[in-house]
Amino acid sequence: MPAYAVTPRLAQFEGEHLPGNSVWRTSHVHYLSDAELPPYRIAIRDGLLYRADGSLFDTADSHTHWSGQGRAIFVMHGDGAIYSAKEHLVGRFHHSSLGQGKPVAGAGELEARDGVLTAITDHSSHYCPPRRYTEQVLSELARGGVDLTRVTRELRY
């Protein structure tokens, strides 16, 4: 059983990972396998965010469909594990890729500089997570010592 409540991917994206699907027509979304997922994991230590390779999480070279340059997409799985990708490729790599097509405990965008979280959003058309799911992500970040007092929050849902 997950540690956090989860919300499903919206039904309109059903089958998007299959070649020839009716969602994207000329492309399909890649859902990460269990073996492919670990490099996308974000660790929280002493209030800082780290990539799986041990480097400080920094989104300066990231890009999302919603916000453009400087932000990365993320999801939090039900167990509290956070995964992030530098590139959001429409019709090919989305929040649902990181969520493996399954329900997630939160989704949106992160902005960070040298491991310091500066902004979080709930911008995810695949999950449109109600605010309580973003609050779960904030709770997990705070549990890891992230200072949320200077983190900008852009919440739509």
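One can find the structure itself at the top, above this paragraph.
Quick summary incoming for the structure in this document. (Residues numbered from 1 in each chain as written. Predicted model: local features only at pLDDT ≥ 70, side-chain atom pairs only at ≥ 80, totals over all residues. Heavy atoms only, no water.)

**Concerning the pairing of strand 8 (residues 116-121)**
Then, number 1: Across five bridges, strand 7 (residues 106-113) lies against strand 8 in antiparallel orientation. Counterpart to A112 in the pairing with strand 8 is L117.
Then, number 2: Hairpin connection from strand 7 to strand 8: two residues lie between these consecutive antiparallel strands, with D114 at a positive phi of about 50°.
Then, number 3: Of the pairings in the sheet, the one linking strand 8 to strand 9 (residues 152-154) comprises three bridges and is parallel in character. Directly across from A119, in strand 9, lies its bridge partner T152.
Then, number 4: Between strand 8 and its parallel partner strand 9, the chain crosses via helix 2 (residues 131-143), and the hand of that crossover is right-handed. (Pairing = 2+ DSSP bridges. Helix = DSSP H or I, 4+ residues; strand = E, 2+ residues; numbered from the N terminus. Right-handed = clockwise from strand over helix to strand, strands pointing away.)

**A word on unusual backbone geometry**
Negative phi is the rule for most residues except glycine; trans is the rule for most peptide bonds.
Then, number 1: Despite not being glycine, R25 shows a phi value in the positive range, around 60°.
Then, number 2: Relative to the assigned elements, R25 resides in the segment before strand 1 (41-45).
Then, number 3: Looking at R25, the relative accessible area reads 61%, which means it is exposed.
Then, number 4: The phi angle at C128 is positive, at roughly 40°, despite the residue not being glycine. (Buried < 20%, exposed > 50% of the residue type's maximum accessible area, 1.4 Å probe, protein only.)

**What about the environment of S27?**
Then, number 1: Locating S27 in the fold gives a position in the segment before strand 1.
Then, number 2: Placed 45 residues apart in sequence, S27 and A72 show a C-alpha to C-alpha distance of 22 Å.
Then, number 3: Filtering out sequence-adjacent residues up to four positions away, S27 remains in contact with N21, G91 and R92.
Then, number 4: One polar contact links the side chain of S27 to the main-chain carbonyl oxygen of G91, over a distance of 2.8 Å. (Contact = heavy atoms within 4.5 Å. Polar contact = N/O pair within 3.5 Å; in protein donor to acceptor, adjacent residues only side chain to side chain.)

**A few points about the side chain of D58**
Then, number 1: Residue placement: D58 occurs in the loop between strand 2 (48-50) and strand 3 (63-64).
Then, number 2: Here D58 occupies a buried position and makes no salt bridge, while the nearest side chain of opposite charge, R113, is found at 4.2 Å.
Then, number 3: Looking at D58, its side chain comes within polar contact range of the main-chain nitrogen of D114, at 2.8 Å.
Then, number 4: Setting aside residues no more than four positions away along its own chain, D58 makes contact with R51, A112, R113 and D114. (Lys, Arg positive; Asp, Glu negative; His and termini not counted. Salt bridge = Lys/Arg side-chain N within 4 Å of Asp/Glu carboxyl O.)

**Quick word on the pattern of salt bridges**
Then, number 1: Applying the stated criterion across every chain, the model contains six salt bridges.
Then, number 2: A salt bridge links R71 to E109; the shortest N-O distance between them is 3.8 Å. Separated by 38 residues along the polypeptide, R71 in the loop between strand 4 (68-69) and strand 5 (72-76) and E109 in strand 7 bring together distant segments of the chain.
Then, number 3: The salt bridge involving R71 is made with E111; its shortest N-O contact spans 2.9 Å. Here R71, found in the loop between strand 4 and strand 5, pairs with E111, found in strand 7; they are 40 residues apart in sequence, far enough to count as distant.
Then, number 4: Salt bridges sharing common partners tie together R71, E109, E111 and E154.

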